[in-house]
2 protein chains.
Amino acid sequence: MSERQKSILDAAVRVIARAGVRGLRVEQLAAEAGISTALIYYHFGDRAGLLRRTLEHINEDAAGYTQQAAAKATDARGELELLLLLELQDTESVRTNSTAWGELRASAVFNEDLREPLAESTRVWVDEVAEVIRRAQASGSASPLADPLDAAERLTCLVEGLSERWLSGSMTIARARKLLRGAIAAELAER
Amino acid sequence: MSERQKSILDAAVRVIARAGVRGLRVEQLAAEAGISTALIYYHFGDRAGLLRRTLEHINEDAAGYTQQAAAKATDARGELELLLLLELQDTESVRTNSTAWGELRASAVFNEDLREPLAESTRVWVDEVAEVIRRAQASGSASPLADPLDAAERLTCLVEGLSERWLSGSMTIARARKLLRGAIAAELAER
DNA sequence: GTCTATAGGAAGATAGAC
DNA sequence: GTCTATCTTCCTATAGAC
């Protein structure tokens, strides 16, 4: 992939975060990237092709940033909190990525093409979280009775739900973070 | 509201469930409702007004159907399960409503106009669930230590997250239901 | 209240020069 | 590879008759 293509995809993520997949206009993207619309068609064929490639691009970004969380944590349980709370921060980059991710998921409901790559990225994320939960169990900071995969799937789903409520203005970011911390405690507690 | 308006709004929910908010074409809606596009503008002013009214319409439907759940349950805890699992069923009407609800939430991220009514409907739903949790606590079928509002907000968020994964093809409905049952148990358990 | 017909404009996509 | 210019299609919205 050329540098030009990368810069177009970066611009596409910004435009999607600002206006949604629904609001992405090829002309607007061209302006954001500082090029002509014709060049976008030259590189990506049509609007659908552009979207597909943009979504792959978002996934690659996301994979990069979960690894940063792992590096900062001191124990497995702390790593779990960091990993999940990472998605609920009011910074430009998190907002941009979460918005784009939410748009991707919402679009997949109506667009067959997006479903498989989305399911795959979801699976990767869930597995990562499950693995951290297993480590927390092994180190004694989490109940060994919980099923790691079930817990991981519930927690990541909850993160998506909280994120959507936050981005759609139904909940503050502080409240979303508080609720998520509570859920992590509940999932890992003895019962 | 006239019968005609109701029938247009019903048709709008169906079209949104099939094609999304972005995919809703006034002409397509007119065909679905068996009328002309002009009549839609006559009744709702413009496309945005139509969307706003459709959102309200979906909320009214949803309110109606939570009351059915209340009627069937034998105790507060059972009522909670019915109330939440109601949203995760593979029937046409649930699918239609959930899809439309997800679309409206996703659209609200970019559309100021939809935010306030959406937040209000969310609040109503969360309060209802919180109230059922309080009753479950009072009857001894749920731990009195859990904060009902926190639990209600987490559970309803989880329902939205699970529903989106299901509708976007990242999870089966059976798995979504299983995970939700587990979450209810976790939220209500002593810890 | 409801229709037919259409204005008017936005957005996707392409032709052809450089 | 990249641009300018433009074609075409599609869609919202309205005018005006009934």
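None of these values were measured; they are calculated from a predicted model.

How each quantity is defined
- Residues numbered from 1 in each chain as written.
- Chains lettered and ligands numbered in written order.
- Predicted model: local features only at pLDDT ≥ 70, side-chain atom pairs only at ≥ 80, totals over all residues.
- Heavy atoms only, no water.
- 1 Å grid on protein atoms, 1.4 Å probe; cavity = no way out; pocket = protein on both sides within 12 Å on 5 of 7 lines; lining within 4 Å.
- Points joined across faces, edges and corners; volume = space filled by probe spheres on them.
- Nonpolar A, V, L, I, M, F, W, Y, C, P; charged D, E, K, R; others polar.
- Helix = DSSP H or I, 4+ residues; strand = E, 2+ residues; numbered from the N terminus.
- Buried < 20%, exposed > 50% of the residue type's maximum accessible area, 1.4 Å probe, protein only.
- Contact = heavy atoms within 4.5 Å.
- Disulfide = S-S within 2.5 Å.

1. A closer look at empty space enclosed by the protein
Enumeration according to the criterion identifies three cavities of 30 Å³ or more in this entry. Estimates place the volume of the largest cavity at around 120 Å³. Around the largest cavity, the lining residues are Arg154, Leu155, Leu158, Ala183, Ala186 and Glu187 of chain A together with Arg154, Leu155, Leu158, Ala183, Ala186 and Glu187 of chain B. Of the residues assigned to the lining of the largest cavity, the class counts are eight nonpolar, no polar and four charged. Roughly 40 Å³ of internal volume is contained in the second largest cavity. Lining of the second largest cavity is provided by Arg52, Leu55, Glu56, Asn59, Leu104, Leu114 and Pro117 of chain A. Every element with two or more residues in the lining of the second largest cavity is listed here: helix H4 (47-72) and helix H7 (112-138) of chain A. Looking at the lining of the second largest cavity, the element that brings in the most residues is H4 of chain A, giving four residues.

2. So, the side chain of Thr122 of chain A
Along the chain, Thr122 of chain A falls in helix H7. On the basis of relative accessible area, Thr122 of chain A is assigned to the buried category, the value being 4%. When residues no more than four places from it in sequence are discounted, the contact partners of Thr122 of chain A are Trp101 and Arg105 of chain A together with Arg165 and Ser170 of chain B.

3. Thoughts on the side chain of Ser121 of chain A
Note that Ser121 of chain A resides in helix H7. Here Ser121 of chain A falls in the buried class, since its relative accessible area comes to 18%.

4. Some remarks on the state of the cysteines
Under the criterion given, the structure shown has zero disulfides over all chains. No disulfide involves Cys157 of chain A; its sulfur sits 11 Å from that of Cys157 of chain B, the nearest cysteine. Overall, the relative accessible area of 0% leaves Cys157 of chain A in the buried class.

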